[in-house]
Amino acid sequence: MNTATPRTATVPARAAWSSVIRAGESLTLTDLHGNQAVDFLVYDAHDTAVRYSAPDTIHAQGGIFLTTGSVLMSNEHTPLMTVTADDVGRHDTVGGACSKESNTLRYGHHTWSQHACVDNFLAEGAKHGLGKRDLVSNINWYMNVPVEKDGTLGIVDGISAPGLALTLRAERDVLVLISNCPQINNPCNGFDPTAVEVTITGENTAGATSVDHVTTPGAGT
Amino acid sequence: MATSTTYGARDHARAQEGSRAEAMPVVPASDWPAPPPESGPLVWAETVAGGNYTHRVLARGTEVRLTDLRGDACAHLLLHHADRPWERLNVADTVKVQWNAYLGAGVLLLSDQGRVLASVVADTSGRHDALCGTSTLVRNTERYGDGTPQSPSPAGRELFKLAAAKNGLEPRDLPPSLSFFQGVTVTEDGTLDFTGSAGPGAAVTLRAEQDVTVLIANVPHPADPRPDYVSTPLEVLAWRAEPTRPGDPLWDATPEGRRAFLNTVEFLAARGIA
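Residues numbered from 1 in each chain as written. Chains lettered and ligands numbered in written order. Predicted model: local features only at pLDDT ≥ 70, side-chain atom pairs only at ≥ 80, totals over all residues. Heavy atoms only, no water.

*Asks:* I keep staring at the overall build of chain B and nothing clicks. Help me out?
*Replies:* Looking only at helices and strands, one finds 5 helices and 13 strands in chain B. Computed over C-alpha atoms, the radius of gyration of chain B comes to 19 Å, within 12% of the 19 Å expected from 2.2 N^0.38 for 274 residues, which places it in the range of a compact globule. Residue pairs in contact within chain B that sit at least 24 positions apart in sequence constitute 72% of those at least 6 positions apart. The distance from the centre of the 25 positive side-chain charges to the centre of the 33 negative ones in chain B is 5 Å. (Helix = DSSP H or I, 4+ residues; strand = E, 2+ residues; numbered from the N terminus. Rg over C-alpha atoms; globule rule 2.2 N^0.38 Å. Contact = heavy atoms within 4.5 Å. Lys, Arg positive; Asp, Glu negative; His and termini not counted. Charge placed at Lys NZ, Arg CZ, Asp CG, Glu CD.)

*Asks:* Can you help me understand the overall build of chain A in this one?
*Replies:* Each helix and strand counted, chain A has 3 helices and 14 strands in total. Seen through its C-alpha atoms, chain A measures out along the principal axes to roughly 50 × 45 × 35 Å. Across the 221 residues in chain A, those meeting the buried criterion constitute 60%. Sequence-distant contacts in chain A: of pairs separated by 6 or more residues, those separated by 24 or more amount to 77%. Carbon and sulfur atoms provide 54% of the accessible area of chain A, an area that totals close to 7500 Å². Between the averaged position of the 13 positive side-chain charges in chain A and that of its 23 negative side-chain charges there is a distance of 4 Å. (Buried < 20%, exposed > 50% of the residue type's maximum accessible area, 1.4 Å probe, protein only. Areas by Shrake-Rupley, 256 points an atom, 1.4 Å probe, with all protein chains shown as cover.)

*Asks:* Which parts of the structure should I look at to understand the sheet that holds strand E8 (residues 178-180) of chain B?
*Replies:* Hydrogen bonds between backbone groups are what pair the strands of a sheet, and the pairing can be parallel or antiparallel. All names here are of chain B. Across the sheet, which stays open at both edges, the 5 strands sit in the order E2-E12-E4-E8-E7 with antiparallel pairing between neighbours. Each edge of the sheet is formed by a strand with only one pairing partner; in this case those strands are strand E2 (52-58) and strand E7 (128-129). Alignment of strand E4 (residues 75-81) against E8, held across 3 bridges, turns out to be antiparallel. By the bridge assignment, His-76 is partnered in E8 with Ser-179. Each of E2, E4 and strand E12 (212-218) touches helix H4 (residues 156-165); the most contacted strand, E12, lies at about 145° to it. (Pairing = 2+ DSSP bridges. Axes fitted to C-alpha atoms, helices over the stretch in contact; angles between N-to-C directions.)

*Asks:* Is there a simple way to explain the packing of aromatic side chains in this structure?
*Replies:* Each aromatic ring pair is specified by the distance between its two centres and by the angle formed by the two planes. Here the structure, examined in full by the defined rule, presents 3 aromatic pairs over all chains. With a centroid separation of 5.6 Å and 75° between ring planes, the pair formed by A:Phe40 and A:Trp141 is classed as edge-to-face. Linking A:Phe40 in strand E4 (residues 38-44) with A:Trp141 in strand E10 (residues 139-141), this pair joins segments that are 101 residues apart in sequence. The class of A:Phe40 is buried, set by a relative accessible area of 0%. Ring geometry for B:Trp251 versus B:Phe261: centroids 5.1 Å apart, planes at 10°, classification stacked. One end of the pair, B:Trp251, is in the loop between strand E13 (234-240) and helix H5 (255-270); the other, B:Phe261, is in helix H5, and 10 residues separate them in sequence. (Phe/Tyr/Trp six-rings, centres within 6.5 Å; stacked < 30°, edge-to-face > 60°.)

*Asks:* So what exactly am I meant to see when it comes to the interface of chain A and chain B here?
*Replies:* Interface extent is often summarised as the accessible area lost during association of the parts. Facing the 44 residues of chain A at the interface are 43 residues of chain B. Summing the contributions of chain A and of chain B, the shared interface buries around 3700 Å²; its carbon and sulfur component is 55%. On the chain A side of the interface with chain B, the three residues burying the most area are A:His59, A:Leu105 and A:Arg133, jointly 22% of the side's total. The salt bridge involving A:Arg133 is made with B:Asp173; its shortest N-O contact spans 2.5 Å. Taken together, the connections running from chain A to chain B amount to 21 residue pairs in polar contact (both at pLDDT 80 or more). (Buried area = accessible area lost by both parts, 1.4 Å probe. Salt bridge = Lys/Arg side-chain N within 4 Å of Asp/Glu carboxyl O. Polar contact = N/O pair within 3.5 Å; in protein donor to acceptor, adjacent residues only side chain to side chain.)

Written out as structure tokens, the structure is:
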């Protein structure tokens, strides 16, 4: 059956989410409280060896920031998704995900016990048969990472605000993984992780039902 | 020479020994005619043709010097931990952790496990890129008419797949790569400027800080605007040396790098290696 009814989920602070988005469907991400960084990976749903490539995306559009019109390219230089609307104007392709390991370099070994995006990606990806080898440099929606003339690069205060949204259209059947960033050491989310909303709209031309997963961090995670 | 018999064919084949090509490995590497003054005995000496690839496993403490012989080489590089290839170069961590998007002397090539795989210990080029990755079959077919490995215009990713396969790795083991000798800079609004190369003779020396599998594809940079596929030979020379240790200026150059070296040595010590 076709699913023209929007499917909506709230992804709590620090949580992971995943879903297959069928070709032609759109995924809208809403920054409910402002300045949340949404770490995002996308794979060809039928061949996950074909996955988002930051360098192919950067090279294809000739720049490092994503906004309306940006096409998310795969490692085989084929389109996966297109940004069709964007209230913010700039999103990051360079910084990748935080991890417990990189946090020890960035801030110190005291951060080892904190939550981090790579753990979300590993746990959520495992539901779809993905492992560590399948994690690559990802998009950070709403995250602001400028590069100075001398190459100095850093995550600075966000330019998003409560309610700002962006929409992505799937150019083929894709598997999307989201880690709603738990980082509390840099300004990507104002040092305060908050919830975001995901909404899937549009005709499901494949006629298949997609199953969304949300993993909420809680006791024992 | 008659090759119509097995004996003749064997003689013909054997008579080729000692032939020289412009691009070839020299084996043993110690036969390389002009070792760099800073090197010890060479363990790898090779000239990689434009549009070709090479790969080698290097022990911790090995230094490898890449030289752009004629000014149109571009060394696309990937590193995997030799024993546990799921630990591999992480370009995003490399630029983010070190607060810089550009590659040059003093930059550490970081794994996804908060450790150092290799250090850039010398650089006379300054034209490198950590943003655009390598070329693909689709794009090279659009631009040059073909991108397959046996074509006149092989794509970097296709060559990486072959080099990876020869080390037991698959396409999904190939993350974003770095490229040396053809540069890109970022303008204030985030757009890219292709800077091209620094010209013939530029060299970069890397030091392996763990045992690493090195994959190199020598193909044009994906942002090279020239309509022709321009790719000239890359020289690769490696020799045994010492890994970075406490007291080396590189060890303490940045707090992030110091912690990366500490993590690396801690990991190796637990394995009984360092």
